[in-house]
Amino acid sequence: MAILVQFAIGLIFGIGLIVSGMSNPAKVLNFLDIGGIPAGTWDASLAFVMAGAVAVTFVGFNRVLKLARPLFADRFYLPTRLDIDPRIVAGPAIFGVGWGLVGFCPGPALTALGFGSLSAVIFVVAMCAGMVLARFIAHLPSLTRLVTPADPLET
């Protein structure tokens with residue numbers, strides 16, 4: 001049952017990406033190109049998509065976290081660390097640079113795979129290689145004190 005609910009949620013998310021045009025990297029790149037404001041080529045629609053996503057997430061998190069436990073898990077896994085370490089700065093920075101260079105982030109790239117986009121295939125392969133590399137680096141002996149993304153967080 002949980003897998004069907006997760007599939008439905010992913011399907012709704014993918015449809016939302018398609019309807020909003022966010023599976024098209026040109027749309028994202030036109031938003032990130034603030035130099036296009038004077039020429040009138042800047043596309044502000046991504047800001048509205050983001051604002052809608054933040055609003056839905058804000059309402060959703062407030063409601064879900066009031067539950068005693070998640071519907072399909074034993075407990076909530078919430079972060080407990082409050083410090084800012086180099087990984088918290090480097091990860092989003094790398095994500096942002098990659099997003100700005102190609103116009104894809106993981107969700108829209110996976111959605112674009114359904115359209116047979118070669119650029120999406122290249123991006124997803126590179127993304128997977130980056131995940132493997134990050135996991136390898138996180139398990140180096142000098143970095144064993146770091147928590148990897150798949151490790152359960154303490155609550």
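Every value quoted in this text rests on a predicted model; they were computed, and no experiment measured them. (Residues numbered from 1 in each chain as written. Predicted model: local features only at pLDDT ≥ 70, side-chain atom pairs only at ≥ 80, totals over all residues. Heavy atoms only, no water.)

### Considering the confidence of the model for the protein chain
- For the protein chain, the mean per-residue pLDDT works out to 86, and 91% of the residues sit at or above 70.
- Within the protein chain, no element has a lower average pLDDT than helix α4 (residues 86–102), which sits at 87, and none a higher one than helix α3 (residues 45–64), at 91. (pLDDT = per-residue confidence, 0-100. Helix = DSSP H or I, 4+ residues; strand = E, 2+ residues; numbered from the N terminus.)

### Notes on the packing of aromatic side chains
- Under the counting rule described, the total for this entry stands at three aromatic pairs.
- Between the aromatic rings of Phe104 and Phe123, the centroid separation amounts to 5.7 Å while the plane-to-plane angle is 45°, which identifies the pairing as tilted. Within this pair, whereas Phe104 is found in the loop between α4 and α5 (106–113), its partner Phe123 is found in helix α6 (residues 118–138), the two being separated by 19 residues in sequence. Phe123 shares its class with Phe104; the two are buried. (Phe/Tyr/Trp six-rings, centres within 6.5 Å; stacked < 30°, edge-to-face > 60°. Buried < 20%, exposed > 50% of the residue type's maximum accessible area, 1.4 Å probe, protein only.)

### Looking at the side chain of Ser117
- Mapped onto the elements of the fold, Ser117 is located in the loop between α5 and α6.
- Look past the residues within four positions of Ser117 in its chain and what remains in contact with it is Phe104 and Ala112. (Contact = heavy atoms within 4.5 Å.)

### Things to note about the environment of Leu113
- Tracing the sequence through the fold places Leu113 in helix α5.
- Distance in space between the C-alpha atoms of Leu113 and Gly100 is 19 Å, their sequence separation being 13 residues.
- Aside from chain neighbours lying at most four places away, what touches Leu113 is Ala120, Val121 and Val124.

### What about the pattern of salt bridges?
- Under the definition given, this model contains three salt bridges.
- Measuring nitrogen to oxygen at the nearest pair gives 3.4 Å for the salt bridge that ties Arg81 to Asp85.
- The class of Asp85 is buried, set by a relative accessible area of 13%. (Salt bridge = Lys/Arg side-chain N within 4 Å of Asp/Glu carboxyl O.)

### What to know about the environment of Ile94
- One can find Ile94 in helix α4.
- Placed 60 residues apart in sequence, Ile94 and Ile34 show a C-alpha to C-alpha distance of 20 Å.

### A short note on the packing of helix α2 (residues 25–32) against α4
- Packing of α2 against α4 leaves a shortest axis separation of 8 Å and a crossing angle of 110°. In terms of orientation, α2 lies roughly perpendicular with respect to α4. Within the contact between the two elements, α2 uses Pro25, Val28, Leu29 and Leu32 and α4 uses Trp99, Gly100, Leu101 and Val102.
- Across the contact of α2 with α4, the residue classes break down as seven nonpolar, one polar and no charged. (Axes fitted to C-alpha atoms, helices over the stretch in contact; angles between N-to-C directions. Parallel < 35°, antiparallel > 145°, perpendicular 65-115°, else oblique. Nonpolar A, V, L, I, M, F, W, Y, C, P; charged D, E, K, R; others polar.)

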